[in-house]
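Listed here are the chains, written in short residue letters.
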Amino acid sequence: MGTTRCPIKGKKGKRPTTARHVIILMSPMIPSIGHVTTDSNLIRKPLRHVAAAEGDNYSPRPYSLYSDPAKLQSFLEETNLGSGLLVRDLWCIIEVEGNNKKRLKMMSKSYTNLLDLASGNFPAMGANREKKRLPRVMTVPGVISELDDDQANSVSSDVQSTVIQDRVIIVANQLPVKAKRRPDNRGWSFSWDEDSLLLQLKDGLPEDMEVIYVGSLQVDVDVNEQDDVSTVLLDRFKCVAAFLPPEILAKFYHGFCKQHLWPLFHYMLPFSATHGGRFDRSLWEAYVAANKIFSQKVIEVINPEDDYVWIHDYHLMVLPTFLRRRFTRLRMGFFLHSPFPSSEIYRTLPVREEILKALLNSDLIGFHTFDYARHFLSCCSRMLGLEYQSKRGYIGLEYYGRTVGIKIMPVGIHMGQIESVLRLADKEWRVGELKQQFEGKTVLLGVDDMDIFKGVDLKLLAMEQLLKHHPKWQGRAVLVQISNPARGRGRELEEIQAEIQSTCQRINETYGQPGYEPIVFIDRPVSLSERAAYYTIAECVVVTAVRDGMNLTPYEYVVCRQGVTGAEFSSGSSGPKKSMLVVSEFIGCSPSLSGAIRVNPWNTEATAEAMNEAISMADAEKQMRHEKHYRYVSTHDVAYWARSFFQDMERTCKDHFRRRCWGIGLSFGFRVVALDPNFRKLSIDAIVNAYVKSKNRAILFDYDGTVMPQTSINKAPSQEVISIINVLCDDVKNTVFVVSGRGRDSLGKWFSPCKKLGIAAEHGYYMRWPTDEGWETCGQSVDFGWIQIAEPVMKLYTEATDGSYIETKESALVWHHRDADPGFGSSQAKEMLDHLESVLANEPVAVKSGQFIVEVKPQVHISQLWIPLSSFLYQSDFQLFIYHYSYIDIAINLFLFEYLQQVELLVNATKLILLLWLSGSQSDEDMFEIVGNAISSGNLSSNSSVFACTVGQKPSKAKYYLDDPTDVVIMLDALADASDPPPSDDEGTDSS
């Protein structure tokens with residue numbers, strides 16, 4: 001970036017020469033940034049101006065311009081470059097020597113224009129051209145060089161530029177740059193904002209990593225000046241400015257961000273039109289439009305296969321969806337600097353799911369505290385049905401094959417900046433002045449933004465209580481409250497300001513004395529240097545925010561009290577360093593300050609007592625607490641935070657380019673499905689062909705969730721299902737069984753029309769063979785006396801868990817909690833499992849947990865259940881298992897595992913085994929992993945073919961998939977069509 005000139009060298013290292021013709025491919029939809037430079041005359045023209053020009057006379061040769069796609073297409077045909085090149089919302093520069101098609105070079109400000117090329121969709125380069133993976137392209141304005149002849153058929157040199165380095169694009173609402181008008185009002189002057197966290201975090205990134213910032217400025221820039229401002233910011237600061245139209249800016253920032261998100265994330269609900277306001281759809285639309293503008297600016301400068309993107313804060317929560325839609329493998333992290341509310345609060349937001357799904361398009365989502373992360377995970381669980389997993393200390397959400405990492409790390413301060421301020425001479429002078437002003441006084445300090453959530457009014461009331469209940473501090477204790485200018489606006493803020501002024505006046509009138517005011521209220525911007533001076537002389541810092549994302553004031557105070565070597569007024573004394581903190585338990589830094597006195601700011605009496613305890617505490621105790629805080633703050637600074645987040649982002653994104661990715665869904669339902677490269681759709685035709693060739697077939701299928709939809713109220717099978725099953729059963733080569741957890745009465749009644757169907761009820765405990773009317777029990781007779789023990793325990797949990805119920809079977813008791821609260825039901829199920837295992841320890845039963853169930857049943861060995869079925873399975877050469885794991889018994893899995901291991905013994909048999917699982921539970925994936933391991937380890941006969949198939953094109957350890965349950969019915973129908981009809985009575989007579 002900047003003004004660096006970076007020639008691209010060919011393989012032979014030739015010096016670049018002047019191009020005879022330069023074509024600028026430009027879409028007027030998105031203005032680009034930077035300059036075009038040639039080696040001969042160093043002509044520099046802003047590209048936006050080039051794009052706005054028309055015709056070929058804008059600049060001297062060798063430039064020619066084609067911003068109109070029709071003109072460009074005509075030129076490409078005239079110069080024998082072929083047809084088919086489309087101009088998209090991107091730009092590139094092509095160099096052509098005369099009409100010679102061979103001497104062609106492309107470079108780009110953005111990698112987006114090469115995506116089609118990477119996939120080979122560039123017929124203009126020749127239909128037979130070999131597809132090559134493009135190396136990283138230039139990302140800086142530079143000299144267009146000539147290609148060697150041996151590179152004529154490539155759009156990019158295989159020799160990468162010497163300026164290649166890792167980059168991170170940091171995106172935030174505001175750039176870390178200060179802007180102000182020049183005194184002559186002719187342009188702008190810019191400087192780094194040293195207080196910006198975005199600038200400070202660079203200390204934690206690798207030294208050789210290039211950092212690009214994308215964001216808006218804090219000032220309004222006239223449309224006519226935006227081009228020049230963009231150029232200066234890019235060249236001097238590597239910043240890409242996003243200029244929001246005034247109508248969008250007002251609704252985006254002061255509207256949706258400050259009227260909806262900010263209050264809600266700080267637990268303020270819009271109870272009425274006058275208190276919080278009603279949800280305004282136009283504000284949400286402006287929020288989306290603003291995020292889209294930011295995404296366009298990112299797209300202009302990104303190299304999606306090489307760059308990292310780090311998005312900051314609640315202003316840009318839907319930006320991940322815009323970027324992920326464009327680049328499915330983009331490495332992207334998001335950090336929320338505000339609190340994330342509990343699910344009870346968050347789910348009142350009308351666009352709650354849109355924001356959650358947008359955030360989940362990130363690879364890593366960061367929060368300051370575990371509470372914030374826990375609330376987010378709870379929202380994902382209750383609203384999206386996603387459960388997190390913790391593995392080796394890392395928390396992750398499985399989301400369509402991608403693991404979205406959850407990072408918990410509070411941000412720190414910039415130690416170098418604070419220490420440099422402590423050495424400033426004006427700070428030392430100010431400390432001396434403050435010491436003289438507050439001589440003989442005990443100073444308590446508050447530093448807060450003027451905001452309705454900072455609790456400044458509560459702090460003043462607590463100070464009033466301190467002076468009232470502890471008269472010894474009257475005339476001695478002073479609360480200095482520094483109030484930074486308000487960022488928001490509104491009636492609530494005006495009311496708080498009026499209350500603060502009134503309270504200050506009342507306290508000073510009541511407890512003030514000549515030369516003494518208990519409240520010193522500073523309502524003006526205070527520099528870091530002056531703030532450090534106040535920190536140095538304060539005995540205690542008080543933070544009473546009712547809700548705050550982080551709040552770094554306590555960290556700054558601890559470092560300033562520690563001081564630096566050589567400072568005259570370091571921490572106010574030459575003795576041991578000490579400090580005290582009274583902090584609200586509702587701020588993000590509270591968990592990390594274990595030596596602070598934590599308070600509930602709403603309880604002003606308790607806060608007053610805490611303030612009294614803090615300033616009355618023995619010096620030795622203050623010193624011990626200070627040392628503990630300083631060790632933490634000095635080691636967990638902003639560089640540590642940035643380094644930790646970036647390392648986790650690298651770890652989370654390490655497998656991005658090993659998987660196939662598809663983008664699916666519309667609007668904010670868009671998500672990326674990441675699949676194994678070998679995952680492919682099952683060929684129904686191949687299964688049908690194998691079915692036709694086979695001589696003995698075994699077909700076993702579950703009932704609920706397979707042939708009967710889970711959501712169906714009427715559980716009886718449809719006439720279509722009965723018809724298909726009868727056709728399959730009529731084929732003399734087939735043995736068909738339904739294996740279900742349901743009772744034998746229900747299954748016997750529903751499948752009474754299917755005379756040749758075998759039924760295994762209650763997962764095989766009761767068996768009815770084809771053409772047999774009677775039921776038999778598998779295994780020996782069992783004593784069911786354990787029911788008298790288990791049933792009272794289950795009833796106890798049923799009464800305590802709303803939405804749960806007990807299903808009583810002939811051989812088992814099942815406790816269901818699908819309709820209970822997800823969190824509470826799961827907790828109760830774990831507790832019940834432990835309880836039942838304890839009371840039934842000496843009984844011949846097994847206690848198992850499944851998906852929303854806990855089951856107690858006789859402890860019958862698997863062989864007793866499955867020997868009858870295995871007899872005909874071993875004789876068959878086509879086997880189809882269809883199950884939905886929500887209802888499948890663990891015995892089936894154990895049987896299949898043992899059976900698959902035994903298949904290798906049948907070396908002379910040719911078998912096709914199709915395992916079709918319909919749910920997406922972890923138990924399914926465990927089964928697929930067992931099958932995969934059996935295949936890869938060579939445990940199966942070389943004559944056997946095993947197809948592990950899942951339903952839904954979703955992430956799975958299975959190798960095959962069918963799109964949906966409809967495909968399952970289609971497959972069964974195809975098998976039925978390929979089945980042999982039953983022998984007629986005439987055929988039977990002839991044969992006799």
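Calculation criteria
- Residues numbered from 1 in each chain as written.
- Predicted model: local features only at pLDDT ≥ 70, side-chain atom pairs only at ≥ 80, totals over all residues.
- Heavy atoms only, no water.
- Helix = DSSP H or I, 4+ residues; strand = E, 2+ residues; numbered from the N terminus.
- Buried < 20%, exposed > 50% of the residue type's maximum accessible area, 1.4 Å probe, protein only.
- Contact = heavy atoms within 4.5 Å.
- Areas by Shrake-Rupley, 256 points an atom, 1.4 Å probe, with all protein chains shown as cover.
- Expected span 1.5 Å × (residues − 1).
- Arc of directions from axis to C-beta.
- Pairing = 2+ DSSP bridges.
- Core = buried A, V, L, I, M, F, W, Y, C linked by side-chain atoms within 4.5 Å.
- Axes fitted to C-alpha atoms, helices over the stretch in contact; angles between N-to-C directions.
- Left-handed = near helix turned anticlockwise from the far one by under 90°.
- Nonpolar A, V, L, I, M, F, W, Y, C, P; charged D, E, K, R; others polar.
- Parallel < 35°, antiparallel > 145°, perpendicular 65-115°, else oblique.

Brief notes about the overall build of the protein chain
Move 1: On a plain count of helices and strands, the protein chain comes out with 30 helices and 39 strands.
Move 2: Looking at the 992 residues of the protein chain, the share that counts as buried comes to 55%.
Move 3: Here the analysis covers contacts within the protein chain between residues at least 6 apart in sequence; of these, 71% occur between residues at least 24 apart.
Move 4: Only carbon and sulfur atoms are counted for the fraction: they give 48% of the accessible area of the protein chain, which is about 43,500 Å².

Points about helix α22 (residues 719-730)
Move 1: Given a rise of 1.5 Å per residue, twelve residues ought to cover 16 Å, and the 16 Å separating the end C-alpha atoms of α22 matches this to within 8%.
Move 2: Within the span of α22, buried status applies to Val721, Ile722, Ile724, Ile725, Leu728 and Cys729. Here the buried residues of α22 occupy an arc of 165° about the axis, which is enough to place them on one side. Away from its buried face, by an angle of more than 90 degrees, α22 presents the exposed residues Gln719 and Glu720.

Considering the pairing of strand β28 (residues 734-739)
Move 1: Burial analysis of β28 places five of its six residues in the buried class, which makes it a mostly covered element.
Move 2: Where strand β27 (residues 697-701) and β28 come together, five bridges link them in parallel fashion. Opposite Ile699, over in β28, you have Val736 as the bridge partner.
Move 3: Direction of pairing for β28 relative to strand β29 (residues 758-761): parallel, over a ladder of three bridges. Residue pairing across strands places Val739 opposite Ala760, the latter belonging to β29.

Overview of the nonpolar core
Move 1: Among the nonpolar cores identified, the biggest contains 109 residues, and Leu233 and Val480 are the most heavily contacted of them.
Move 2: In contact with Val480, not counting residues within four places along its chain, are Phe438, Val443, Leu444, Leu445, Gly446, Val520, Ile522 and Tyr534.
Move 3: Counting 72 residues, the second largest nonpolar core, distinct from the first, contains Phe367, Ala373, Leu386 and Ile395.

Points about the packing of helix α10 (residues 352-359) against helix α11 (residues 370-384)
Packed helix pairs are specified by the crossing angle of their axes together with the interaxial distance, meaning the distance between the axes.
Move 1: Packing of α10 against α11 brings their axes to within 11 Å, and their N-to-C directions diverge by 115°. For the pair α10 and α11, the sense of crossing is left-handed. Touching Arg352, Glu353, Leu356, Lys357 and Leu359 of α10 are Phe376, Cys379, Cys380, Met383 and Leu384, all from α11.
Move 2: Per-class residue counts for the contact of α10 with α11 are seven nonpolar, no polar and three charged.

Overview of the environment of Asn603
Move 1: Secondary-structure assignment places Asn603 in the loop between β23 (597-599) and α18 (604-616).
Move 2: Residue Asn603 is classed as partly exposed on the basis of its relative accessible area of 33%.
Move 3: Distance in space between the C-alpha atoms of Asn603 and Leu461 is 9.8 Å, their sequence separation being 142 residues.

So, unusual backbone geometry
Move 1: Even without being glycine, Lys238 reaches a positive phi, approximately 55°.
Move 2: Structurally, Lys238 is set in the loop between α5 (226-237) and β11 (239-241).
Move 3: Given a relative accessible area of 31%, Lys238 falls into the partly exposed group.
Move 4: Located in the positive-phi region is Arg392, a residue other than glycine, with phi close to 55°.
Move 5: Tracing the chain through its elements places Arg392 in the loop between β15 (388-391) and β16 (394-399).
Move 6: We classify Arg392 as exposed; its relative accessible area is 82%.

Quick word on the environment of Ala716
Move 1: Mapped onto the elements, Ala716 comes out in the loop between β27 and α22.
Move 2: A relative accessible area of 27% places Ala716 in the partly exposed class.
Move 3: In this structure the C-alpha to C-alpha distance between Ala716 and Trp750, which are 34 residues apart in sequence, comes to 5.9 Å.

Topic: the sheet that holds strand β32 (residues 805-808)
Move 1: In space, the four strands of this open sheet follow the order β32-β33-β35-β34, with antiparallel pairing throughout. Looking at the sheet topology across the chains shown, the edges are occupied by β32 and β34 (845-850). Across this sheet, the average inter-strand angle for adjacent strands is 15°, counted without regard to direction.
Move 2: Bridge count for strand β33 (residues 813-816) against strand β35 (residues 853-858) is four bridges, and the pairing is antiparallel. Considered in β35, the bridge of His816 is made with Ile853.
Move 3: Packed on one face of the sheet, helix α24 (residues 787-800) meets β32, β33 and β35 and runs near 10° to β33.

Side note on the pairing of strand β10 (residues 210-216)
Move 1: Where burial is concerned, most of β10 is hidden: seven out of the seven residues are buried.
Move 2: Side chains Glu210, Ile212, Val214 and Ser216 of β10 all project onto a buried face; the interleaved residues Val211, Tyr213 and Gly215 project onto the opposite face, where all are buried too.
Move 3: In the sheet, β10 pairs with β11 via three bridges, with the strands oriented parallel. Residue pairing in the sheet places Val214 in a bridge with Val240 of β11.

Quick look at the sheet that holds β11
Sheets are built from strands that pair by backbone hydrogen bonding, the pairs being arranged parallel or antiparallel.
Move 1: The nine strands lie next to each other as β11-β10-β7-β12-β13-β14-β17-β16-β15, forming an open sheet whose pairing is mixed. Both outer strands of the open sheet, β11 and β15, are each paired with one neighbouring strand and no more. Sheet twist, expressed as the average angle between the axes of neighbouring strands with direction ignored, equals 25°.
Move 2: The pairing of strand β7 (residues 167-174) with strand β12 (residues 307-312) spans five bridges and is parallel. Considered in β12, the bridge of Ile170 is made with Trp310.

Digging into the packing of α24 against helix α25 (residues 822-839)
Move 1: Between α24 and α25, the shortest axis-to-axis distance is 10 Å and the interhelical angle comes to 160°. Judged on the interaxial angle alone, α25 and α24 are roughly antiparallel. Where α24 crosses over α25, the two elements pack in a sense that is right-handed. Across the interface between the two elements, Ile789, Ala790, Val793, Met794, Tyr797 and Ala800 of α24 pack against Phe824, Gln828, Glu831, Met832, His835, Leu836 and Val839 of α25.

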